[in-house]
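# Examination of the molecular architecture
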Amino acid sequence: EADIYQTPRYLVIGTGKKITLECSQTMGHDKMYWYQQDPGMELHLIHYSYGVNSTEKGDLSSESTVSRIRTEHFPLTLESARPSHTSQYLCASRITSGETQYFGPGTRLLVL
Amino acid sequence: GNSVTQMEGPVTLSEEAFLTINCTYTATGYPSLFWYVQYPGEGLQLLLKATKADDKGSNKGFEATYRKETTSFHLEKGSVQVSDSAVYFCALRGNQGAQKLVFGQGTRLTINP
């Protein structure tokens, strides 16, 4: 059983609000990832981190930002949410020496 | 770059039918291959994996064989159940560079009783 958590699970907010999606894992994994999943199901990597103080942009351009101050924590922030940000956001982690990437349950975001 | 192509969905079958979901890939080197499953309202879970050519991954009655000659990793199950209804993702991780997971577009499977 993977120990990776995301909060909130569901979020409905108005345009222009600042939001932070939380992701935490208790497995000591060094690598962490954020994916955006559109209604068509396709997954897009938007950010990743190889360890503390390391963050990189993913394959899909995103207006969100991330930080990695602690190994176990990888929050994603939107400074000013817009309806185009409506999506499901999935966090994942793995240890460098391991093959398996573990996913959190996701945050489903609706921006009105 | 690396890429994964999955069978177009959605796929609808009756209970106890045979399932195949096709997956082919393009990659340099020797990637590892994965099938992930996403049940409604949840994140992705690893279903099975194979790390080298001719390896067979298996779990919960599902199987997939890493075929380097055809660059394929098709998912099969002999007798599906209603509880297998989910979205299935084929993925690969290359063994060079950033080693990020590359996903296929997903196949939605619905099993009717």
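Here the structure is a predicted model, which is why all the values come from computation and not from measurement. (Residues numbered from 1 in each chain as written. Chains lettered and ligands numbered in written order. Predicted model: local features only at pLDDT ≥ 70, side-chain atom pairs only at ≥ 80, totals over all residues. Heavy atoms only, no water.)

## Re the sheet that holds strand β1 (residues 4–7) of chain A
All names here are of chain A. The condition that has to hold: A pair of strands is treated as paired once DSSP finds two or more bridges between them. Put simply, DSSP marks the helices as runs of H or I at least four residues long and the strands as runs of E at least two long, and each gets a number from the N terminus on.
Overall, antiparallel pairing links the four strands, which are arranged β1-β3-β8-β7 in an open sheet. Edge positions in the sheet fall to β1 and β7 (65–66), since each has one partner strand and no second. In this structure, strand β3 (residues 19–25) lies alongside strand β8 (residues 76–78), joined through three bridges in antiparallel fashion. Bridge pairing in β8 links L21 to L76.

## A closer look at the packing of aromatic side chains
Note the following rule: Side-chain rings of Phe, Tyr and Trp, where Trp is taken by its six-membered ring, are said to pair if the distance between their centres is within 6.5 Å; with planes under 30 degrees apart they count as stacked, over 60 as edge-to-face, and otherwise as tilted. Between buried and exposed lies partly exposed: a residue is buried under 20% and exposed over 50% of the maximum accessible area for its type, with that area taken using a 1.4 Å probe on protein chains only.
A complete count under the given rule lists eleven aromatic pairs over all chains for this structure. With a centroid separation of 5.3 Å and 50° between ring planes, the pair formed by Y48 of chain A and Y50 of chain A is classed as tilted. By relative accessible area, which is 32% here, Y50 of chain A ends up partly exposed. For the ring pair F89 of chain B and F103 of chain B, a centre distance of 6.2 Å and an interplane angle of 85° mean the geometry is edge-to-face. On the criterion of sequence distance, the pair formed by F89 of chain B in strand β10 (residues 86–93) and F103 of chain B in strand β11 (residues 101–103) is long-range, its members being 14 residues apart. With a relative accessible area of 0%, F89 of chain B lands in the buried category.

## A short note on the pairing of strand β9 (residues 87–94) of chain A
Residue and element names in this part refer to chain A. The buried fraction of β9 amounts to eight of the eight residues, a majority that puts the element mostly inside the structure. Here β9 shows a buried face lined by S87, Y89, C91 and S93 and a second buried face lined by Q88, L90, A92 and R94. Pairing of strand β4 (residues 31–37) with β9 involves seven bridges; the strand directions are antiparallel. What sits directly across from Y33, in β9, is A92. Bridge count for β9 against strand β11 (residues 107–111) is three bridges, and the pairing is antiparallel.

## Thoughts on the interface of chain B and chain A
Just so we agree on the cut-off: Contacts were defined at the residue level, with two residues in contact if any of their heavy atoms lie within 4.5 Å. In this description, buried area is defined as the sum, over both parts, of the accessible area (probe of 1.4 Å) that is lost when the two are combined. When a carboxyl oxygen of Asp or Glu is within 4 Å of a side-chain nitrogen of Lys or Arg, the pair counts as a salt bridge. Identification of polar contacts relies on pairs of N or O atoms within 3.5 Å, with a donor-acceptor requirement for protein atoms, meaning one able to donate a hydrogen and the other able to accept it, and with residues adjacent in sequence counted only if both atoms are side-chain atoms. Classification convention: Asp, Glu, Lys, Arg as charged; Ala, Val, Leu, Ile, Met, Phe, Trp, Tyr, Cys, Pro as nonpolar; all other residues, Gly among them, as polar.
Tallying the contact residues gives 23 residues for chain B and 20 residues for chain A. For the pair chain B and chain A, the two sides together bury roughly 1,800 Å², of which 49% comes from carbon and sulfur. Contact with chain A buries area across many residues of chain B, yet L44, R93 and K100 of chain B alone supply 28% of it, more than any other trio. Counting every contact that joins chain B to chain A gives two salt bridges. The interface formed by chain B and chain A includes nine residue pairs in polar contact (both at pLDDT 80 or more). Among the elements that take part in the side of chain B that touches chain A, strand β5 (residues 32–38) of chain B stands out by supplying four residues, more than any other. Its residues assigned to classes, the side of chain B that touches chain A comprises nine nonpolar, nine polar and five charged.

## Quick look at the state of the cysteines
Residue and element names in this part refer to chain A. Threshold: What counts as a disulfide here is a pair of cysteine sulfur atoms lying within 2.5 Å.
The full count for this structure, using the stated rule, is two disulfides over all chains. Note that C23 is cross-linked by a disulfide to C91, the S-S spacing being 1.9 Å. Every disulfide takes its handedness from the sign of the S-S torsion; for C23 and C91 that torsion is -75°, giving left-handed. Of this pair, C23 sits in strand β3 while C91 sits in strand β9, and the two are 68 residues apart along the sequence. Take C23: its relative accessible area is 0%, and that puts it in the buried class.

## A look at a nonpolar patch on the surface
The condition is simple: What makes a patch is a set of residues exposed beyond 30% relative accessible area and free of salt bridges, joined within 9 Å when like-charged and within 5 Å when nonpolar (Val, Leu, Ile, Met, Phe, Trp, Tyr). Only the protein chains shown count as covering a residue, and every accessible area follows the Shrake-Rupley method with a 1.4 Å probe.
A grouping of V12, L110 and L112 of chain A is seen on the molecular surface, where their side chains present a nonpolar patch of about 290 Å² in accessible area. Considering the arrangement of structural elements, one finds V12 of chain A in strand β2 (residues 10–13).

## What about the nonpolar core?
All names here are of chain B. As a reminder of what qualifies: Take the buried Ala, Val, Leu, Ile, Met, Phe, Trp, Tyr and Cys residues and link them wherever side-chain atoms come within 4.5 Å; each set so joined is a nonpolar core.
Ranked by internal contacts, the top residues of the largest apolar core, which has 26 residues, are W35, L47, L48, F73, L75 and Y88. Among the secondary structure elements, those contributing two or more residues to this core are β2 (11–14), β3 (19–21), β4 (23–26), β5, β6 (44–50), β8 (62–65), β10 and β12 (107–112). The biggest single contributor to this core is β10, with four residues. Among all residues touching Y88, those that are not within four sequence positions of it are Q6, I21, W35, Y36, V37, L47, F62, L75, G106, T107 and L109.

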